[in-house]
Amino acid sequence: MNILVLGSGGREHTFAWKLAQSDKCKNLYVAPGNSGTAEIAKNLDVSVNDFEAIKKAVLNNDISLVVVGPEDPLVNGIHDFFLRDERLKNVNVIGPQKAAAQLEGSKEVAKEFLYRHNIPTAAYQSFTKDNLEEGFTFLETLKPPYVLKADGLAAGKGVLILEDLDQAKDELRNMLVDSKFGAASEKVVIEEFLDGIELSCFVLTDGKNYKVLPTAKDYKRIGEGDTGLNTGGMGAISPVPFANEEFLQKVENRIVKPTIDGLRKDILPYKGFVFIGLIKVGEDPFVIEYNVRMGDPETEVVLPRIQNDLVDIFQAMGEKNLNEVDLQIKSDTATTIMLVSGGYPESYEKGKVITGLEDINDSIPFHAGAKIENDKIVTSGGRVMAITSFGETYQEALNKSYQNIEKLHFDKMYYRKDIGFDL
Ligand code: AMP
Ligand code: GLY
């Protein structure tokens, strides 16, 4: 069959890399893609939110499976767009419909869902500018640090964690009254702070059946020792060593099952990945957030550990018999280290030539913000490339990634040298 992957990051290169290994994949397309996907698929110059252009590409290229990488098109209703169209409605779209995508699109919708289905999460209340004073009063009832979350999508920047009550009140006002995050902060969720260690759990569902994929932990801060600004993710490890069998059983019983049941009870049509951001408080899991897609760079460590043919899995999801898939996971640990442009996540330069890729061995370079220009691979974004390796232990895998990174170069290249430091 012909397959289209939507997106242009390391996540989408990993999807394309995995799909290209299937005998069932005839022609593979990525829109818009990057220099990595260009090597194994045909890149289409189409934006992920231009549904009409995507429709044309799907019809022209006889595509029957579409894998949606980022959240934006899902929240904008790409799956619903396909279902409404006579000629697209039989295309197997991997990604939830718009109503279900609100679990990521609105923090308040996610919190209401969690509460409705008795899934462990931090206590919360939400506020608009009309009840700002009540927001101040609520903050006074909480202990620091204070967690303020813009309700809508804010490119990963909409969460503030503040030590000081007055500062928390000021920021609440900035978000609600002065539109600190634009329309995304017209509503703000204030949450109880949970003190623990974070990890992510990934679930595949066809709406009826589910399969739990390997756990992963990503490193979001730019600086070593988890300091400095938040980024999209600077590295990841799978599996998470501190998530033992007993803890994972709690995650499945208290969180995964009620989430999948909740989607069905609430009639939220869901065929795709559920990315559950968790925090382990003592020995117990709590949900921090839902995402309605795979993580990036978590995909770069989770997908390479799946031994099954990914086309088979997606086909089973399309036919609602995911229960028949016998998921096989590599026991090895996978790690990935993200190479970023100097200055990221603030301003940085683009167009730097990347050298040394041909010398890499025993690691997989998944391209992200990188493109081909005049036959050279050059940087085109903040997060440039994720270097994934396997090992019997995470230290062994990390060593391979770091050794290979020594061979790579671009002007002002930066990466964290301490991924896994806290494990
Ligand atoms: P979110 O976008 O909801 O995942 O929040 C971003 C980050 O803020 C998370 O990855 C956590 O590190 C932190 N965070 C969010 N909510 C809480 C909470 N209730 N308690 C402690 N940390 C939190
Ligand atoms: N790495 C975090 C995310 O994809 O949201």
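Residues numbered from 1 in each chain as written. Chains lettered and ligands numbered in written order. Predicted model: local features only at pLDDT ≥ 70, side-chain atom pairs only at ≥ 80, totals over all residues. Heavy atoms only, no water.

Looking at the site of ligand 2
Argument step 1. As a structural note, the neighbourhood of ligand 2 is formed by D218, G232, F275, R293, G295, D296, P297 and E298.
Argument step 2. Backbone polar atom of G232 to a nitrogen atom of ligand 2: 3.0 Å apart, as the coordinates give it.
Argument step 3. Protein contacts shield 86% of the accessible area of ligand 2, which totals 190 Å² for the unbound molecule. (Near = heavy atom within 4 Å. Polar contact = N/O pair within 3.5 Å; in protein donor to acceptor, adjacent residues only side chain to side chain. Areas by Shrake-Rupley, 256 points an atom, 1.4 Å probe, with all protein chains shown as cover.)

Notes on the side chain of N34
Argument step 1. Checked against the element boundaries, N34 lands in the loop between β2 (28-32) and α2 (35-40).
Argument step 2. A distance of 3.1 Å separates the side chain of N34 from the backbone oxygen of S8, its partner in a polar contact.
Argument step 3. Among the polar contacts listed, one links the side chain of N34 to the backbone oxygen of A368, at a separation of 3.2 Å.
Argument step 4. Apart from the residues within four sequence positions on either side, N34 is in contact with S8, G9, H13, N43, H367, A368 and A370. (Helix = DSSP H or I, 4+ residues; strand = E, 2+ residues; numbered from the N terminus. Contact = heavy atoms within 4.5 Å.)

As for the packing of aromatic side chains
Here a ring pair, both rings aromatic, is described through the centre-centre distance and the interplanar angle of the planes.
Argument step 1. Scanning the entire structure with this criterion turns up 13 aromatic pairs.
Argument step 2. Aromatic side chains F127 and F138 sit 5.8 Å apart centroid to centroid with 40 degrees between the ring planes, which places their arrangement in the tilted category. Taken together, the residues F127 in strand β6 (residues 124-128) and F138 in helix α8 (residues 132-141) connect sequence positions 11 residues apart. Grouping residues by exposure puts F127 and F138 together as buried.
Argument step 3. Ring centres of F202 and F275 lie 4.9 Å apart, and the angle between their planes is 55 degrees; this geometry places the pair in the tilted category. One end of the pair, F202, is in strand β10 (residues 197-205); the other, F275, is in strand β16 (residues 272-281), and 73 residues separate them in sequence.
Argument step 4. What makes F275 buried here is its relative accessible area of 5%.
Argument step 5. Members of the aromatic cluster, connected to one another through ring pairs, are F15, F273 and F314.
Argument step 6. If you follow K330 out to its NZ or CZ, it ends over the ring of F390, 4.7 Å from the centre.
Argument step 7. In this structure, K417 packs its charged tip against the face of Y415, placed 4.6 Å from the ring centre. (Phe/Tyr/Trp six-rings, centres within 6.5 Å; stacked < 30°, edge-to-face > 60°. Buried < 20%, exposed > 50% of the residue type's maximum accessible area, 1.4 Å probe, protein only. Lys NZ or Arg CZ within 6 Å of the ring centre and 35° of its normal.)

Overview of helix α7 (residues 107-116)
Argument step 1. Within α7 the residues assigned to the buried category are K107, E108, A110, K111, F113 and L114.
Argument step 2. In this structure S106 caps α7, since a side-chain oxygen of it lies 3.3 Å from the backbone nitrogen of E108.
Argument step 3. Looking one or two residues past α7, N118 carries a phi angle of roughly 55 degrees, positive in sign.

A few points about the nonpolar core
Argument step 1. Core analysis: the largest hydrophobic core is formed by 49 residues, its most contacted members being L4, F82 and I276.
Argument step 2. No other element matches helix α10 (residues 245-265), which puts six residues into this core.
Argument step 3. Those residues in contact with I276 that sit more than four places away from it in its chain are L199, S200, C201, V203, I255, V256, V287, E289 and Y290.
Argument step 4. By size, the runner-up hydrophobic cluster in this structure holds 35 residues, among which are V5, I94, A216 and F390. (Core = buried A, V, L, I, M, F, W, Y, C linked by side-chain atoms within 4.5 Å.)

Some thoughts on a nonpolar patch on the surface
Argument step 1. A surface patch of nonpolar side chains, about 240 Å² in accessible area, is lined by V159, I161 and F193.
Argument step 2. Its place among the elements puts V159 in strand β8 (residues 159-162).
Argument step 3. Relative accessible area serves as the criterion here: at 33%, V159 is assigned to the partly exposed category. (Patch = residues over 30% accessible without salt bridge, like charges linked within 9 Å, V, L, I, M, F, W, Y side chains within 5 Å. Salt bridge = Lys/Arg side-chain N within 4 Å of Asp/Glu carboxyl O.)

Notes on the pairing of β10
Argument step 1. With respect to burial, β10 is a largely interior element, seven of its nine residues being buried.
Argument step 2. Direction of pairing for β10 relative to β16: antiparallel, over a ladder of nine bridges. Residue pairing across strands places F202 opposite F275, the latter belonging to β16.
Argument step 3. In terms of strand pairing, β10 meets strand β11 (residues 210-212) through three bridges, oriented antiparallel. Its bridge partner lying in β11, V203 is registered against V212.
Argument step 4. Counting the residues that bridge the hairpin from β10 to β11 gives four residues, and of these G207 lies at a positive phi of roughly 100 degrees. (Pairing = 2+ DSSP bridges.)

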